Amino acid sequence: MTSFPPGFLWGAATAAHQVEGNNVNSDLWVLEHCNPTLFEEPSLDACDHYHRFADDIRLLASLGLNTYRFSIEWARIEPEQGRFSVSALDHYRRVLAACHENGVTPMVTFYHFSSPRWFAGMGGWEKRNAGDLFVRYCERSTRHLGDLITSASTFNEPNLPMLLRWISNVDIPFTTVLRMGRQASRAIGAGQFGCFFLGDGDKLQNHMIAAHHRAMEALKSGPGDYPVGVNITLQDEQAVGQNSKRDKKCAEVYEPWLAAASRSDFLGIQTYTRCRVGKKGDLGPEPGVELTQMGYEYWPDALEVSLRYAAARVRVPIYITESGVATDDDSRRIDFIRQSLGGVTRCLADGIDVRGYIHWSLLDNFEWIYGYRPKFGLIAVNRETQERTVKPSAHYLGEIARQNRIPDLAVIG
Ligand code: BGC
């Protein structure tokens, strides 16, 4: 079967900090400007999406895609603790309205890694009252935006800090982290700096799971009546050899959030690669396997495995809220999309309730500590002029979306 069910969502995703530009009240902006810093370069103007969103959404729709997943930025909406910016909320009303005007379903993420700097200065997610603050932001935001929202996720990859404990291809120099953290807390005049990326996974996880459930209630308090879920990072975990720690890793990284998703309206999964897990932990890429610009194995089959893994554990609808590949060779992206979607069709044929495929990413954007080097976009962005150039992979995915099936397409350029 190469067709998808009627109403299947086809889209592309971004995150506020990665595309909007000048997110100056965020914790990450502070970290990007420390010396030393883990960041290869600061985000600065990013893709200037804050001003160009209308054109970007129009472009997405013109490709044939029907869904735009984006995040609203807590640091803009609540730049000072307890003080909300109506102008920032109005901005996101305009973004939502632009989606509707173009016949595009907006999927909103309320938290995609970045926090207000004051939140970091209070210790971030490791603090017991973090959830209260997040829930208040959700409640205030939905009051302003809820009538235009079609679908929402509380968190993007809240299980990432747990995953980072395991994966071996991210080499984070500990002394830089310490010095950067000390400098960041001095820069904002606080005694601490609690950033999501670098937090204690266990503490963070407990607080965020509780916050997810409470935020869900807040988001459902109206206006609007939209499903609320959570998007987790979920890789294809493969056991290698005897006494592999694969099951221990899955129990720590995935199971708690899959349980939380079971009590939500949907689960979003975000899959990029496979991980080989041996008796001591992650083994890293297998020699000889093609690598992406992120240093991950090029492994499009991972999506099917993740879907099956998730479907065996949750009974709620599943959306692929991110799948993609960092490459300068767009023909590899086309191949990656084709192969990943082949896996999705096999899952659908087996009755798995997959409702949408949202590609990461709409634009070449700010890839966190790696800066602008990795290219995940369906659309290239000129870093000097901000000019957008649609890549063949965007046309390829758009055509699949229009036909709602995988046609036997030659590459459309
Ligand atoms: C994140 C994105 C990121 C992408 C590619 C996901 O972990 O949600 O923000 O850019 O992966 O690394």
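Look above for the structure.
S.K.: Teacher, can you tell me more about the overall build of the protein chain here?
M.R.: Regarding its fold elements, the protein chain presents 15 helices and 12 strands. Whereas a compact globule of 413 residues would reach a radius of gyration of roughly 22 Å, the protein chain reaches 20 Å, a difference of no more than 12%. Each principal axis of the C-alpha atoms in the protein chain carries an extent, and together these give about 60 × 55 × 45 Å. Sequence-distant contacts, at least 24 apart, represent 80% of the contacts inside the protein chain between residues at least 6 apart. As displayed, the protein chain offers around 15800 Å² of accessible surface, 48% of which is attributable to carbon and sulfur atoms. Within the protein chain, one finds 44 positive and 49 negative side-chain charges whose respective centroids are separated by 4 Å.

S.K.: Is there a simple way to explain the packing of helix α3 (residues 49–63) against helix α5 (residues 86–101) in this structure?
M.R.: A pair of packed helices can be characterised by two numbers: the angle between their axes and the separation between those axes. The contact between α3 and α5 brings their axes to 9 Å, and the two run at 10°. With respect to α5, the element α3 is oriented roughly parallel. Contacts between α3 and α5 involve Tyr50, Phe53 and Ile57 from the former and Ala88, His91, Tyr92, Arg94, Val95, Ala98 and Cys99 from the latter. For the contact of α3 with α5, the residue count by class is 8 nonpolar, 1 polar and 1 charged.

S.K.: How should I be thinking about the pairing of strand β1 (residues 9–13) in this particular structure?
M.R.: Each regular strand displays side chains that alternate between the two surfaces of the sheet. When you tally the buried positions in β1, you get 5 out of 5 residues, the bulk of the element. Bridge count for β1 against strand β10 (residues 354–360) is 5 bridges, and the pairing is parallel. Residue pairing in the sheet places Trp10 in a bridge with Tyr357 of β10. Sheet topology places β1 next to strand β2 (residues 67–71); 3 bridges connect them, and they run parallel. Looking across to β2, one finds that Ala13 is bridged to Arg69.

S.K.: Looking at this structure, how should I read the pattern of salt bridges?
M.R.: Enumeration over the complete set of coordinates arrives at 33 salt bridges. Through salt bridges with shared partners, a single network forms among Arg165, Asp200, Asp202, Lys248 and Glu252.

S.K.: Would you take a moment to explain the sheet that holds β1 for this structure?
M.R.: By definition, the strands of a sheet pair up through backbone hydrogen bonds, in either a parallel or an antiparallel sense. The 8 strands lie next to each other as β1-β2-β3-β4-β5-β7-β9-β10, forming a closed barrel whose pairing is parallel. Sheet twist, expressed as the mean angle between neighbouring strand axes with direction ignored, is 25°. Sitting on the sheet, α5 is in contact with β2 and β3 (105–111), with an inclination near 170° to β2. Contacting β1, β9 (318–323) and β10, helix α14 (residues 330–349) runs over the sheet at an angle of about 165° to β10.

S.K.: Explain unusual backbone geometry to me, please; I cannot follow it from the model alone.
M.R.: Generally, phi is negative for residues other than glycine and the peptide bonds are trans, each holding for most cases. Geometrically, the link from Asn35 to Pro36 is a cis peptide bond, its omega value of 5° lying close to zero. Counting through the fold element by element, Pro36 comes out in the loop between α2 (27–32) and α3. Backbone torsion omega between Trp360 and Ser361 reads 20°, so that peptide bond is classified as cis. With respect to the helices and strands, Ser361 occurs in the loop between β10 and β11 (379–381). Non-glycine residue Asn22 carries a positive phi angle of around 50°. On the secondary structure map, Asn22 appears in the loop between α1 (16–19) and α2. With a phi angle near 55°, Asn243 is a residue other than glycine that sits in the positive phi range. As for its position among the elements, Asn243 is in the loop between β6 (236–239) and α11 (246–253).

S.K.: I tried to follow the packing of aromatic side chains on my own but got confused; where do I start?
M.R.: Any two aromatic rings considered together are summarised by their centre-to-centre distance and by the angle between their planes. For the structure on display, the rule yields 34 aromatic pairs. Judged by centre distance (5.3 Å) and plane angle (70°), the ring pair of Phe119 and Trp125 falls under edge-to-face. The same class applies to Phe119 as to Trp125, namely buried. In this arrangement the basic side chain of Arg383 is found over the ring face of Tyr372, its NZ or CZ atom lying 3.6 Å from the centre.

S.K.: Whenever I open this one, the site of the ligand confuses me. Can you help?
M.R.: Near the ligand, the surroundings consist of 13 residues, among which Gln18, His112, Glu157, Glu322 and Glu367 are the closest. Side-chain polar atom of His112 to an oxygen atom of the ligand: 2.8 Å apart, as the coordinates give it. In isolation the ligand offers 310 Å² of accessible surface; the protein chains occlude 94% of this area.

Definitions and limits used
Counting restarts for each chain: residues are numbered from 1 in the order of the written sequence. Reporting of local features is limited, given that this is a predicted model, to residues whose pLDDT is at least 70; pairs of side-chain atoms are given and counted only at 80 or more, and all residues count toward the totals for whole chains, interfaces and linings. For side-chain calculations, the full set of non-hydrogen atoms in the structure is used, while hydrogens and water are omitted. Here a helix means four or more residues in a row that DSSP labels H or I, a strand means two or more in a row labelled E, and each is numbered from the N terminus. It is over C-alpha atoms that the radius of gyration is taken, and the globule rule equals 2.2 Å times the number of residues to the power 0.38. Contact definition: two residues touch when any of their heavy atoms are within 4.5 Å. Per-residue and other accessible areas were derived by the Shrake-Rupley procedure at a 1.4 Å probe size, with only the shown protein chains allowed to occlude residues. For the charge count, each Lys or Arg is scored as positive and each Asp or Glu as negative, with His and the chain ends excluded. Each charge is placed at NZ for Lys, CZ for Arg, CG for Asp and CD for Glu. In this analysis, axes come from line fits to C-alpha atoms, helices being fitted only over the stretch in contact, and the angle between any two N-to-C directions falls in the range 0 to 180 degrees. Here is the rule for angles: anything less than 35 degrees is roughly parallel, anything more than 145 is roughly antiparallel, 65 through 115 is roughly perpendicular, and the remaining ranges are oblique. For this classification, Asp, Glu, Lys and Arg are treated as charged, while Ala, Val, Leu, Ile, Met, Phe, Trp, Tyr, Cys and Pro are nonpolar and the rest, including Gly, are polar. Partly exposed describes any residue whose relative accessible area lies between the buried limit of under 20% and the exposed limit of over 50%, with all areas from a 1.4 Å probe on protein chains only and scaled to the type maximum. Strand pairing follows a simple DSSP-based rule, namely that at least 2 bridges must link the two strands. Any Lys or Arg side-chain nitrogen found within 4 Å of a carboxyl oxygen on Asp or Glu counts as a salt bridge. Pairing of aromatic side chains here covers Phe, Tyr and the six-membered ring of Trp, requires ring centres within 6.5 Å, and sorts the geometry by plane angle: under 30 degrees stacked, over 60 edge-to-face, intermediate tilted. A positively charged side chain is recorded as over a ring if its NZ (Lys) or CZ (Arg) lies within 6 Å of the ring centre. The angle to the ring normal must also be within 35 degrees. Note on definitions. A residue lies near a molecule or strand when any single heavy atom of the residue is within 4 Å of it. Two N or O atoms form a polar contact when they lie within 3.5 Å of each other; inside protein one atom must be a possible hydrogen donor and the other a possible acceptor, and for residues adjacent in sequence the pair counts only when both atoms belong to side chains.

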